[in-house]
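Summary of structural features
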Amino acid sequence: MNSIKEQRALSKDDLVLYGEHFSSRLLLGTSRYPSPQILEEAVLASQPAMITVSLRRQGSTVEQGKNAFWELLKKMSVPVLPNTAGCHSPQEVITTAQMAREVFETDWIKLELIGDDYTLQPDTLRLVETAKTLINDGFKVLPYCTEDLILCQRLVDVGCQAVMPWAAPIGTGQGPLNPYAMKLLRERLKVPLLVDAGLGLPSHACSVMEWGFDGVLLNTAVALADNPIDMAKAFAMATAAGRSAYLSGAMSAQESAQASTPLVGTPFWHQA
Ligand SMILES: CC(=O)[C@@H](O)[C@H](O)COP(=O)(O)O
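These figures come from a predicted structure and were not determined experimentally. (Residues numbered from 1 in each chain as written. Predicted model: local features only at pLDDT ≥ 70, side-chain atom pairs only at ≥ 80, totals over all residues. Heavy atoms only, no water.)

1. Side note on the overall build of the protein chain
As a reminder, the rule being used: Helical segments are the DSSP runs of H or I of at least four residues, strand segments are the runs of E of at least two, and each set is numbered from the N terminus. The cut-offs for exposure are 20% and 50% of the maximum accessible area for each residue type, with area from a 1.4 Å probe on protein chains only; residues under the lower value are buried, those over the upper are exposed, and the others partly exposed. Residue contacts are counted whenever heavy atoms from the two residues lie within 4.5 Å of one another. Throughout, the Shrake-Rupley method with a 1.4 Å probe supplies accessible areas, and for residues the shown protein chains are the sole cover considered. Residues counted as positive are Lys and Arg, residues counted as negative are Asp and Glu, and His and the chain ends are not counted. Just so you know, the charge point we use is NZ for Lys, CZ for Arg, CG for Asp and CD for Glu.
On a plain count of helices and strands, the protein chain comes out with 12 helices and 12 strands. Projected onto its principal axes, the C-alpha positions of the protein chain cover 75 × 40 × 40 Å. Here the protein chain, with 272 residues, has 49% of them falling under the buried criterion. For the protein chain, the proportion of contacts with a sequence separation of at least 24, taken over those separated by at least 6, is 65%. Accessible surface, the protein chain: about 14,000 Å² in total, of which carbon and sulfur atoms supply 53%. Positive and negative charge centroids in the protein chain, built from 22 and 28 side chains respectively, lie 3 Å apart.

2. Quick look at helix 5 (residues 68-76)
Here is the rule we go by: Here the arc refers to the directions that run from the helix axis out to each C-beta atom.
Looking only at helix 5, the buried set comprises Phe69, Trp70, Leu72, Leu73 and Met76. Within helix 5, the buried residues cover an arc of 160° as seen down the axis, which keeps them to one side. Across helix 5 from its buried face, at more than 90 degrees, point the exposed residues Ala68 and Lys75.

3. What about the environment of Ser31?
Mapped onto the fold, Ser31 is located in the loop between strand 3 (26-29) and helix 2 (36-46). Those residues in contact with Ser31 that sit more than four places away from it in its chain are Asn219 and Ala223.

4. Here we look at the side chain of Asn219
Mapping Asn219 onto the fold places it in the loop between strand 12 (215-218) and helix 11 (220-223). You can call Asn219 buried: its relative accessible area is 16%. With residues near it in sequence (within four places) discarded, Asn219 still touches Gly29, Thr30, Ser31 and Tyr33.

5. Remarks on the pairing of strand 12
Residues in a regular strand project their side chains so that they alternate between the two faces of the sheet. Note the following rule: When DSSP finds at least two bridges between two strands, those strands are taken to pair. Think of it like this: strands point away, you trace from the first strand over the helix to the second, and a clockwise trace means the crossover is right-handed.
Neither face of strand 12 is exposed, since Gly215 and Leu217 on one face and Val216 and Leu218 on the opposite face are all buried. For strand 3 and strand 12, the ladder comprises three bridges, and the chain directions are parallel. Bridge pairing in strand 12 places Leu28 opposite Leu218. Both strand 11 (residues 194-196) and strand 12 contribute to a ladder of three bridges, which runs parallel. Bridged to Val195 within strand 12 is Val216. As a crossover connection, the stretch from strand 11 through helix 10 (residues 202-210) into strand 12 is right-handed.

6. So, the side chain of Thr52
What counts is decided by this rule: For the purposes of these results, a polar contact is taken to be a pair of N or O atoms within 3.5 Å, where, inside protein, one atom must be able to donate a hydrogen and its partner to accept one; residues adjacent in sequence count only when each atom of the pair is a side-chain atom.
The topology assignment puts Thr52 in strand 4 (residues 50-54). Side-chain polar atoms of Thr52 contact the backbone oxygen of Leu81, separated by 2.9 Å. A polar atom in the side chain of Thr52 sits 2.8 Å from the side chain of Asn83. Residues contacting Thr52, with those up to four places away along its chain left out, are Leu28, Gly29, Thr30, Leu81, Pro82, Asn83, Lys110 and Leu217.

7. A look at the site of the ligand
Convention followed: Near residues are defined by distance, with any heavy atom within 4 Å of the molecule or strand qualifying the residue. Here the nonpolar group is Ala, Val, Leu, Ile, Met, Phe, Trp, Tyr, Cys and Pro; Asp, Glu, Lys and Arg are the charged ones; every other residue, Gly included, is treated as polar.
Taken together, 13 residues lie near the ligand, and Lys110, Gly171, Asp196, Asn219 and Thr220 sit nearest. Within the backbone of Gly171, an N or O atom sits 2.7 Å from an oxygen atom of the ligand. The side chain of Thr220 places a nitrogen or oxygen atom 2.4 Å from an oxygen atom of the ligand. When isolated, the ligand has an accessible area of 360 Å², and the protein chains bury 93% of it. By residue class, the composition of the shell around the ligand is four nonpolar, six polar and three charged.

8. Notes on the UniProt feature "active site" (unreviewed entry) in the protein chain
Counted only if it meets this: UniProt positions are given in the numbering used here, feature names are shortened, and annotations may be inferred rather than shown by experiment.
Under the UniProt annotation, the feature "active site" (unreviewed entry) is placed at Lys110. Within the fold, Lys110 resides in strand 6 (residues 108-111). Filtering out sequence-adjacent residues up to four positions away, Lys110 remains in contact with Thr52, Leu81, Pro82, Asn83, Thr84, Leu142, Tyr144, Met164, Asp196 and Leu217.

9. Comments concerning the pairing of strand 4
Burial analysis of strand 4 places five of its five residues in the buried class, which makes it a mostly covered element. Summarising the sheet, strand 3 and strand 4 pair through three bridges and their orientation is parallel. By the bridge assignment for strand 4, Leu27 is matched with Met50. Handedness of the crossover joining strand 3 and strand 4 through helix 2: right-handed.

Written out as structure tokens, the structure reads:
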């Protein structure tokens, strides 16, 4: 029988998405930083599994491969997850995804299909058919969606090997607004679940990881912090801490006080 330490050393606990292994469970967005240098240092400090990039927002010069931002991405050598931010129709998503595949030389895509510009809520009615089209076209699709169980289940049914429910609307930093539905989702779905959007504090990331989510994707909370570099590091530590707590098996909350100091003459490990 291996000791706990030995068991830990044996199991690497990578995040596995579409058969690919990642040693970090944090995914970071790349917009709204005060400067490219601060973005680069935040990425270095937090060592994310992937960084997500919007082709539409970076403009046409990225397509020609001579954009300073593109140079920075290559320099950081972190896997790029292109996204379809700002797309409002399935056709727009598909065209953007195909262009991103050419430009970034990757078949990963973060599927964002916006249904409402005010809340940036995904178009849940057309998301599933769009995910299916992209999967049939060979993409590894990570769909940004709501925490609705049936929607997430349908995304899995059409071949998404991971789904990314929001915690709250993009950019709000409100943290998980519907813990009941998120915990239920974790209970019911077996695929990797990454929380994407709405996390404002490292403690939000830690909580969802403690509930058993497999990773977090965030942008605004880091980019708009007074010190994005330290905040990126804080999110990386909180994500890892939450994962560790989840794997460690938390005690169940008790109704009444339980003495934690041993009675005289009784070894403390017999007090349970
Ligand atoms: C960059 C990106 O993909 C965002 O759209 C993502 O959803 C993160 O959201 P927050 O900015 O709320 O962290």
